[in-house]
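Chains, contacts and geometry: an overview
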Amino acid sequence: YDTITPSVILRNVFENPGWYTQYTPYQAEISQGRLESLLNYQTMVSDLTALPIANASLLDEATAAAEAMTMFFNTLNKQDHIERPKFFVDSAIFPQTKDVLVTRAVPVGIEIVEGNYRTATIDTTYFGAIVQYPNSNGSIEDYRNFVSVVHAAGAYAVMATDLLALTLLTPPGELGADVAVGSAQRFGVPLGYGGPHAAFMSTKEDFKRSIPGRIIGISIDAQ
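Residues numbered from 1 in each chain as written. Predicted model: local features only at pLDDT ≥ 70, side-chain atom pairs only at ≥ 80, totals over all residues. Heavy atoms only, no water.

1. Thoughts on the sheet that holds strand 7 (residues 199–203)
One open sheet holds the 7 strands; their spatial order is 1-7-6-5-4-2-3, and the pairing between them is mixed. In this open sheet, the two edge strands, each paired with only one partner strand, are strand 1 (53–54) and strand 3 (111–115). Inspection of the sheet shows strand 5 (residues 156–161) paired to strand 6 (residues 179–183) by 3 bridges, in the parallel sense. Looking across to strand 6, one finds that Ala160 is bridged to Val181. Strands strand 2 (86–90), strand 3, strand 4 (126–133), strand 5, strand 6 and strand 7 of the sheet are contacted by helix 3 (residues 61–76), whose axis makes an angle of about 30° with strand 7. (Pairing = 2+ DSSP bridges. Helix = DSSP H or I, 4+ residues; strand = E, 2+ residues; numbered from the N terminus. Contact = heavy atoms within 4.5 Å. Axes fitted to C-alpha atoms, helices over the stretch in contact; angles between N-to-C directions.)

Spelled out as structure tokens, the structure:
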């Protein structure tokens, strides 16, 4: 999306020299500034999606969706015995996301089932499902019932979403989603001829040992 970054944010956040100038000549302050800004990023993503854990970004939205699918698959299936091969993909998700999901699903034996989330029958052969919020038609759907159906079958739900929309909409975490993914380009990162923009991914505490990418944490000492 060709989004405008307000100049006050551009100057005081992105171009703030406090992130990259050292206060003593021998300290590599840019690495500290980078860690701090990544922590701010994670906190913002966690707040907007209402999910407690966020990583320090992935390649793009489609890759993040595929990572969520793989994470669910590995959580509910043993390597030598796949009891739940199916992953539901709502027909109103972005086409590039669907393409990457298919590419990543085929080699590991995941069966992609596409359809309308309203009429889908989710049973115990499914390990997960993905919906888009707002979807590719620009529609804002209430996925609460669908997510509860997915959970009732013992599967997990991922919501591909839009951070800017989440400043107004009910966040995925409150709708019951296990994972939220999307593109950070929405916050005014230049379009760059259609290249990938950093994706966000946030999830529940249950997946803290299996979330892909890296997490910037705050250390707490004995005092």
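2. Section: a nonpolar patch on the surface
Together, Val8, Ile9, Leu10, Val13 and Phe14 line one region of the surface with nonpolar side chains, adding up to about 430 Å² of accessible area. With respect to the secondary-structure elements, Val13 resides in helix 1 (residues 7–14). When its relative accessible area of 39% is taken as the criterion, Val13 is described as partly exposed. (Patch = residues over 30% accessible without salt bridge, like charges linked within 9 Å, V, L, I, M, F, W, Y side chains within 5 Å. Areas by Shrake-Rupley, 256 points an atom, 1.4 Å probe, with all protein chains shown as cover. Salt bridge = Lys/Arg side-chain N within 4 Å of Asp/Glu carboxyl O. Buried < 20%, exposed > 50% of the residue type's maximum accessible area, 1.4 Å probe, protein only.)

3. Some thoughts on the packing of aromatic side chains
By convention here, two paired aromatic rings are described through the distance between centres and the angle between planes. The final tally for this structure, using the stated rule, is 9 aromatic pairs. Taking 5.2 Å as the distance between ring centres and 65° as the angle between the ring planes, the aromatic pair formed by Phe73 and Phe127 counts as edge-to-face. Here Phe73, found in helix 3, pairs with Phe127, found in strand 4; they are 54 residues apart in sequence, far enough to count as distant. An identical accessibility class is assigned to Phe73 and Phe127; each is buried. Taking the centre distance of 5.4 Å and the plane angle of 25° together, the rings of Phe87 and Phe127 count as stacked. Of this pair, Phe87 sits in strand 2 while Phe127 sits in strand 4, placing them 40 residues apart in sequence. Here Phe87 matches Phe127 in class, with each residue buried. Counting every residue linked through ring pairs, the aromatic cluster contains Phe88, Tyr117, Tyr133, Tyr143 and Phe146. (Phe/Tyr/Trp six-rings, centres within 6.5 Å; stacked < 30°, edge-to-face > 60°.)

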